[in-house]
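These are the residues of each chain, in order.
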Amino acid sequence: MSAPVRVLYLAGSGRSGSTLVTTLLGQYDGVLAAGELRYLWQRGELDNRPCGCGRPFRDCPVWSAVRRDVPVRDAAGIAARLRARLRMRGVPALLRRVRAGRRPVDQHPDDAVLTDLYASVARHAGATTVVDSSKLPPYGALLGALPGIDLRVLHVVRDPRATAFSWRRRRGLDGERDERLMSRPPVWKAALLWSVWNAVTVRLWAGDPDRYLRIRYEDLTADPAGVLARVTAFAGVDPQPGPFTGAGSDPDADPEAEPDPDAEADPGAVTVRMAPTHSVAGNPARHRTGPVPIRADDQWRAGLSRTSYAVVTALTLPWLRRFGYPSGRTDRTTTSGRRDTPVDTPTGHEEG
Ligand SMILES: [Zn+2]
């Protein structure tokens with residue numbers, strides 16, 4: 001049997017910046033930013049939605065090679081069975097099983113396909129680390145129990161008031177012109193989901209510092225190089241050259257790439273170079289390439305109503321404190337000295 005594939009699993013709640021983290025990690029040598037592989041069966045195999053490289057899933061060279069390796073006859077069945085095995089109402093039982101030292105999710109013949117999938121993806125991308133931004137903790141628990149997978153968990157946390165606001169914005173699944181909108185739960189539901197998924201992530205993995213690292217979106221946007229240095233060290237990824245070298249002055253830069261107007265509007269932002277990734281089923285922001293300025297999306301500070309702010313704060317209070325977020329409304333972040341006025345950000349890379 002070949003060596004296990006290292007999977008860096010981005011866990012936590014939706015709209016926490018995992019798309020930005022995934023795309024950034026995809027810029028390092030030996031890393032494949034594979035995107036939300038839990039949704040590969042539906043959105044890739046069945047719907048043939050665009051890969052991060054811009055091609056339809058079945059036309060992407062990486063995924064075409066993987067599909068030849070791991071032929072799938074029943075993508076709809078796999079998608080449905082994964083949904084059934086990983087339902088939210090099964091989470092208490094899953095936690096009980098983990099506490100009792102048992103396998104978190106019952107074995108199933110589909111698991112062999114998953115093992116083959118990750119091995120094939122790593123092989124065809126020449127990667128030692130596959131970044132999976134599926135986020136849902138039960139799926140990460142299922143992966144961690146598979147024999148061919150060496151799981152590391154990167155827990156990405158964002159202020160729940162920001163995630164609740166982000167959930168309310170209209171956004172097409174594959175970009176502005178896409179009519180299929182990402183789901184828009186009410187703020188109370190977004191707050192509960194934030195609490196549940198973050199709490200489950202902590203319960204499942206935080207006790208093992210060799211396999212678990214937590215970062216905050218706000219720290220990442222304040223100090224991208226510093227936070228990514230921690231993440232690459234944790235994941236065993238070579239930190240050089242990475243996305244920070246040659247940003248804006250790279251002689252190999254795509255001559256077609258337009259200079260980013262946002263970079264000029266915000267000279268304080270760190271600019272990174274984003275090459276296309278082969279990520280499936282993520283936020284539309286994953287298609288963004290070229291020089292990209294990194295900075296916090298703070299629209300929620302002006303856009304979230306007082307009532308919504310109070311509701312989300314009340315529903316998330318214990319975890320809010322644990323992750324170091326203020327309960328009161330502030331005009332400054334606690335993480336950086338950068339200005340914190342609401343700015344219009346068309347980048348959309350806050351989500352994921
Ligand atoms: Zn691709």
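Cut-off values and rules
- Residues numbered from 1 in each chain as written.
- Predicted model: local features only at pLDDT ≥ 70, side-chain atom pairs only at ≥ 80, totals over all residues.
- Heavy atoms only, no water.
- Helix = DSSP H or I, 4+ residues; strand = E, 2+ residues; numbered from the N terminus.
- Contact = heavy atoms within 4.5 Å.
- Areas by Shrake-Rupley, 256 points an atom, 1.4 Å probe, with all protein chains shown as cover.
- Patch = residues over 30% accessible without salt bridge, like charges linked within 9 Å, V, L, I, M, F, W, Y side chains within 5 Å.
- Salt bridge = Lys/Arg side-chain N within 4 Å of Asp/Glu carboxyl O.
- Pairing = 2+ DSSP bridges.
- Axes fitted to C-alpha atoms, helices over the stretch in contact; angles between N-to-C directions.
- Parallel < 35°, antiparallel > 145°, perpendicular 65-115°, else oblique.
- Nonpolar A, V, L, I, M, F, W, Y, C, P; charged D, E, K, R; others polar.
- Phe/Tyr/Trp six-rings, centres within 6.5 Å; stacked < 30°, edge-to-face > 60°.
- Buried < 20%, exposed > 50% of the residue type's maximum accessible area, 1.4 Å probe, protein only.
- Donors = N, O, S within 2.8 Å, 3.2 Å for Na, K, Ca; no water.
- Tetrahedral: all angles 85-135°; square planar, octahedral: opposite > 155°, others 65-115°.
- Core = buried A, V, L, I, M, F, W, Y, C linked by side-chain atoms within 4.5 Å.
- Left-handed = near helix turned anticlockwise from the far one by under 90°.

*Asks:* Which parts of the structure should I look at to understand the overall build of the protein chain?
*Replies:* A tally of helices and strands in the protein chain yields 14 helices and seven strands. Long-range contacts, defined here as pairs at least 24 residues apart, represent 77% of the contacts in the protein chain between residues at least 6 apart. When the accessible area of the protein chain is evaluated, it comes to approximately 15,600 Å², of which 51% is carbon and sulfur surface.

*Asks:* Is there a simple way to think about a nonpolar patch on the surface in this case?
*Replies:* Residues Trp-188, Leu-192, Val-311 and Leu-315 make up a contiguous nonpolar surface patch of roughly 330 Å² in combined accessible area. Elements supplying a minimum of two residues to the nonpolar patch: α9 (187-205) and α14 (306-322). Relative to the elements of secondary structure, Leu-192 occurs in helix α9.

*Asks:* Would you mind going over the sheet that holds strand β3 (residues 129-135) with me for this structure?
*Replies:* With parallel pairing, the five strands of this open sheet are ordered in space as β2-β3-β1-β4-β5. Each of the sheet's edge strands pairs with one partner strand only, and the pair in question is β2 (31-35) and β5 (212-216). Across the sheet, the mean angle separating the axes of adjacent strands is 25 degrees when strand polarity is ignored. Sheet analysis places strand β1 (residues 5-11) next to strand β4 (residues 149-157), joined by seven bridges and oriented parallel. Residue pairing for β4: Val-7 is matched across the bridge by Leu-151. Taken strand by strand, helix α11 (residues 224-235) contacts β1, β3, β4 and β5, and its axis lies near 165 degrees from that of β5.

*Asks:* Quick question: what am I supposed to make of the packing of helix α7 (residues 137-144) against α9 here?
*Replies:* Helix packing geometry: the angle between the two helix axes and the distance between the axes. Where α7 meets α9, the axes come as close as 9 Å, and the angle between the chain directions of the two elements is 25 degrees. Put simply, α7 runs roughly parallel to α9. For the pair α7 and α9, contact is made by Pro-137, Pro-138, Gly-140 and Ala-141 and by Trp-197, Val-200, Thr-201, Leu-204 and Trp-205, respectively. Looking at the contact of α7 with α9 residue by residue, the class counts come to seven nonpolar, two polar and no charged.

*Asks:* When you look at the packing of aromatic side chains in this model, what are you seeing that I'm missing?
*Replies:* Within a pair of aromatic rings, the relevant descriptors are the distance that separates the centres and the angle that separates the planes. Across all of its chains, the model carries six aromatic pairs by this definition. Relative to Phe-323, the ring of Trp-194 lies with its centre 5.8 Å away and its plane at 75 degrees, an arrangement referred to as edge-to-face. With Trp-194 in helix α9 and Phe-323 in the segment after α14, this residue pair connects regions lying 129 residues apart in the sequence. By relative accessible area, which is 1% here, Trp-194 ends up buried.

*Asks:* Mind showing me how you'd approach the coordination of the zinc ion here?
*Replies:* In ideal tetrahedral geometry, four donors around a metal make angles of 109.5 degrees, whereas ideal octahedral geometry with six donors gives angles of 90 or 180 degrees. For the zinc ion, the full set of protein donor atoms is Cys-51 (SG), Cys-53 (SG), Cys-60 (SG) and His-278 (ND1), at a range of 2.1 to 2.4 Å. Considering all four donor atoms around the zinc ion, angles at the metal cover 94 to 117 degrees and the coordination shape is tetrahedral. Considered as a linear motif, the donors of the zinc ion on their single chain read C-x1-C-x6-C-x217-H. Comparing Cys-51 with Cys-53 shows no difference in burial state: the two are buried.

*Asks:* Honestly, helix α8 (residues 160-168) in this entry has me stumped. Any pointers?
*Replies:* Given 3.6 residues per helical turn, the α-helix brings residues three or four places apart onto the same face. Taken across its nine residues, α8 has eight buried, putting it largely inside the fold. Buried within α8 we find Pro-160, Arg-161, Ala-162, Thr-163, Ala-164, Phe-165, Ser-166 and Trp-167. Those residues of α8 that are buried lie in contact with α9, α13 (299-303) and α14.

*Asks:* Is there a simple way to think about the pattern of salt bridges in this case?
*Replies:* When the charged atoms of two side chains lie near each other, side chains of opposite charge can form a pair. By the definition in use, this model includes 15 salt bridges. Of the charged contacts, one joins Asp-111 and Arg-103 as a salt bridge, the two residues approaching to 4.0 Å between their closest N and O atoms. Taking relative accessible area as the criterion, Arg-103 reaches 26% and is therefore assigned partly exposed. One salt-bridge network, held together by shared partners, links Arg-6, Asp-150, Arg-152 and Arg-211.

*Asks:* Just to check I follow, could you spell out the nonpolar core for this structure?
*Replies:* A general feature of soluble globular proteins is that nonpolar side chains tend to end up buried together. Among the nonpolar cores identified, the biggest contains 56 residues, and Leu-37, Trp-41, Trp-63, Tyr-118, Tyr-139 and Leu-143 are the most heavily contacted of them. Sort the elements by how many residues they give to this core and α9 lands first, with seven residues. Leaving out residues up to four positions away in the same chain, Tyr-139 has contacts with Tyr-9, Leu-37, Arg-38, Leu-82, Leu-86, Leu-114, Tyr-118, Asp-132 and Ser-134. Core analysis: the next-biggest nonpolar cluster, separate from the first, contains 25 residues, Leu-20, Leu-25, Val-31 and Val-231 among them.

*Asks:* Could you clarify how one ought to interpret α7 in this entry?
*Replies:* Most of α7 is tucked away, with seven of its eight residues classed as buried. Among the residues of α7, Pro-137, Pro-138, Tyr-139, Gly-140, Ala-141, Leu-142 and Leu-143 are the ones counted as buried.

*Asks:* Got a minute to help me understand the packing of α8 against α14 in this structure?
*Replies:* Running from amino to carboxyl end, α8 crosses α14 at an angle of 135 degrees, the nearest separation of the two axes being 9 Å. Taken together, α8 and α14 sit at an angle that is classed as oblique. In terms of crossing hand, the pair formed by α8 and α14 is right-handed. Together, Pro-160, Arg-161 and Ala-164 of α8 and Tyr-309, Val-312, Thr-313, Thr-316 and Leu-320 of α14 make up the contact between the two elements.

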